[in-house]
Amino acid sequence: MGKAKKRSLHLGINDRFSKLSREEAVKSVVDMLNNGDNEAYHLITLFGLTAEEILEAGASYENVVGIGSILQ
């Protein structure tokens, strides 16, 4: 199954986001990490985000190192 279908199915189940671009996903992940929300892991793996992208978007180094095992 392609990434677009996975995103569509995931968004249909979660209903948290209606449409989500990669840039919006990175911003959402940063906000979720700062708030301690575990849903960030799902977005990271769904979009295949890298540590560099998350750090450039403003996440703290400690948060990114803490989730290093799921990052590419």
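These notes cover the structure that comes with them.

Remarks on the pattern of salt bridges
- Inspection of every chain in the model, using the stated rule, returns 1 salt bridge.
- Between Glu 53 and Arg 22 there is a salt bridge, with the nearest N and O atoms lying 3.0 Å from each other. Separated by 31 residues along the polypeptide, Glu 53 in helix H4 (residues 51–56) and Arg 22 in helix H2 (residues 22–35) bring together distant segments of the chain.
- Using a relative accessible area of 24% as the deciding quantity, one classes Glu 53 as partly exposed.
- Given a relative accessible area of 30%, Arg 22 falls into the partly exposed group.

Rules of the game
- Residues numbered from 1 in each chain as written.
- Predicted model: local features only at pLDDT ≥ 70, side-chain atom pairs only at ≥ 80, totals over all residues.
- Heavy atoms only, no water.
- Salt bridge = Lys/Arg side-chain N within 4 Å of Asp/Glu carboxyl O.
- Helix = DSSP H or I, 4+ residues; strand = E, 2+ residues; numbered from the N terminus.
- Buried < 20%, exposed > 50% of the residue type's maximum accessible area, 1.4 Å probe, protein only.

It is worth stressing that arrangement in space is one thing and function is another; only the former is reported here.
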